[in-house]
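What the coordinates show
Here are the chains, one letter per residue:
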Amino acid sequence: MKLGIMQPYFFPYLGYWQLMNAVDKYIVYDDVNYIKGGRINRNAILLQGKAHNINLILQGASPNKHINQIKVNTIPNIQRKLLKTIDQAYRKAPYYNQVMPILHTIITQEEDNLAKYLFRSFEIINNYLGIDTELILSSDLKKNNDLKKEEKIYHICDILKADEYYNSINGKQLYNAEEFNKRGIKLNFLVMKDIRYKQFNNDFVPNLSIIDVIMFNSQEQCRELLSQYELIKG
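Reading the values: rules and limits
- Residues numbered from 1 in each chain as written.
- Predicted model: local features only at pLDDT ≥ 70, side-chain atom pairs only at ≥ 80, totals over all residues.
- Heavy atoms only, no water.
- Salt bridge = Lys/Arg side-chain N within 4 Å of Asp/Glu carboxyl O.
- Buried < 20%, exposed > 50% of the residue type's maximum accessible area, 1.4 Å probe, protein only.
- Phe/Tyr/Trp six-rings, centres within 6.5 Å; stacked < 30°, edge-to-face > 60°.
- Helix = DSSP H or I, 4+ residues; strand = E, 2+ residues; numbered from the N terminus.
- Lys NZ or Arg CZ within 6 Å of the ring centre and 35° of its normal.
- Axes fitted to C-alpha atoms, helices over the stretch in contact; angles between N-to-C directions.
- Parallel < 35°, antiparallel > 145°, perpendicular 65-115°, else oblique.
- Contact = heavy atoms within 4.5 Å.
- Nonpolar A, V, L, I, M, F, W, Y, C, P; charged D, E, K, R; others polar.
- Core = buried A, V, L, I, M, F, W, Y, C linked by side-chain atoms within 4.5 Å.
- Pairing = 2+ DSSP bridges.
- Expected span 1.5 Å × (residues − 1).

**With respect to the pattern of salt bridges**
- This structure, assessed with the given rule, holds nine salt bridges.
- Salt-bridge contacts for Arg 183 lead to Glu 179; the nearest nitrogen and oxygen are separated by 3.1 Å.
- Among the residues examined, Glu 179 registers a relative accessible area of 25% and is labelled partly exposed.
- Between Asp 194 and Arg 196 there is a salt bridge whose closest N-O contact spans 3.7 Å. No difference in accessibility class separates Asp 194 from Arg 196, as the two residues are exposed.
- A single network of salt bridges, built from pairs that share partners, joins Glu 151, Glu 179, Lys 182 and Arg 183.

Here it is in structure tokens:
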């Protein structure tokens with residue numbers, strides 16, 4: 001069984017979805033500390049030909065809290081402002097009419113728990129992209145939460161009987177392949193290929209939010225992009 005484990009991010013880039021699509025089960029790592037200034041509640045879209053950050057406004061965000069202990073500000077005015085920014089950026093994109101209702105459903109949801117809010121966004125976009133990987137909140141697993149870093153990863157792999165562990169290439173320095181091998185687990189790192197597609201008539205801006213991908217590519221094209229990666233053995 002192939003397993004992936006990552007913190008939840010706000011409309012993450014395509015490589016995140018490639019990893020999710022490549023595994024059988026995907027752990028949304030919500031009972032770890034929130035990282036201030038990271039991608040948990042912000043990402044970039046294309047606005048006037050440049051990368052522009054959009055933010056999910058939070059309440060009580062702190063690196064001393066777990067992701068699932070933080071609240072999303074669900075005030076309608078804030079939600080409308082975010083939707084307006086996205087609308088201004090993509091109203092002329094080829095798949096705007098299909099995608100904007102999906103984004104509206106995600107952004108206007110009443111769920112105010114950050115982890116559950118992001119988890120729901122994954123479910124909705126996965127349905128659109130045709131990703132059928134089983135999603136599991138880390139906090140729902142019965143596990144030893146006193147374990148730290150790699151030991152907790154090994155523990156989760158053991159609980160779920162995983163014999164392959166997939167991670168982003170960004171984690172290559174974090175994990176020891178020998179330690180995984182000792183436990184009978186193959187370690188693989190996923191590297192997204194150099195993907196480019198037409199963004200209006202602009203020079204291509206890479207690594208934007210999945211919003212950009214689905215605004216400029218059909219569902220069929222998105223499915224093809226999900227497979228555009230290489231695996232590197234740990």
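**Considerations on the packing of aromatic side chains**
- As enumerated under the stated definition, the model contains 14 aromatic pairs in all.
- With centroids separated by 4.9 Å and ring planes inclined at 85°, the aromatic side chains of Phe 200 and Phe 216 adopt a geometry described as edge-to-face. Here Phe 200, found in the loop between β9 (186-192) and α7 (210-216), pairs with Phe 216, found in helix α7; they are 16 residues apart in sequence, far enough to count as distant.
- A relative accessible area of 28% places Phe 200 in the partly exposed class.
- Judged by relative accessible area, which is 7%, Phe 216 ranks as buried.
- Among the aromatic residues, those joined into a ring-pair cluster are Tyr 9, Tyr 16, Trp 17, Tyr 26 and Phe 122.
- Lying across the ring of Tyr 154, Arg 183 places its NZ or CZ 3.9 Å from the centre.

**A few points about the packing of helix α1 (residues 14-22) against helix α4 (residues 114-129)**
- Look at α1 against α4: their axes get within 12 Å of each other, and the N-to-C directions meet at 80°. Considering the angle they form, α1 stands roughly perpendicular to α4. Between α1 and α4, the contacting residues are Tyr 16, Trp 17 and Met 20 on the first element and Phe 122, Ile 125, Asn 126 and Leu 129 on the second.
- In the contact of α1 with α4, the residues fall into six nonpolar, one polar and no charged.

**Here's the deal with the nonpolar core**
- In this structure, Trp 17, Ile 86, Tyr 90, Leu 114, Leu 129 and Met 215 are the most contacted members of the largest nonpolar core, which totals 85 residues.
- If you tally residues by element for this core, the top one is α4, at ten residues.
- Excluding residues within four positions of it along the chain, Trp 17 makes contact with Pro 12, Phe 122, Ile 125, Asn 126, Leu 129, Ile 131, Ile 210 and Leu 226.

**Some details on the sheet that holds strand β7 (residues 134-137)**
- If you walk across this open sheet you meet the six strands as β7-β2-β1-β8-β9-β10, and the pairing is mixed. Either end of the sheet is taken by a strand with one partner, and the two such strands are β7 and β10 (229-233). The mean inter-strand angle of the sheet, taken between neighbouring strand axes irrespective of direction, is 30°.
- Sheet topology places strand β2 (residues 25-28) next to β7; four bridges connect them, and they run parallel. Looking at the pairing, Ile 27 lines up with Ile 136 of β7.

**Describing helix α2 (residues 76-90)**
- For α2, with 15 residues, the first-to-last C-alpha span of 21 Å sits near the 21 Å given by 1.5 Å per residue.
- Among all positions in α2, only Gln 79, Leu 82, Leu 83, Thr 85, Ile 86, Asp 87, Ala 89 and Tyr 90 are buried.

**What to know about the pairing of strand β4 (residues 50-55)**
- Pairing of strand β3 (residues 42-47) with β4, which is carried by six bridges, proceeds in the antiparallel orientation. In the sheet register, Arg 42 faces β4, and the bridge partner there is Asn 55.

**Focus: unusual backbone geometry**
- One non-glycine residue, Phe 11, lies in positive phi territory at about 45°.
- Mapped onto the elements, Phe 11 comes out in the loop between β1 (2-6) and α1.
- Of note, the phi angle at Phe 200 is positive, near 50°, even though the residue is not glycine.

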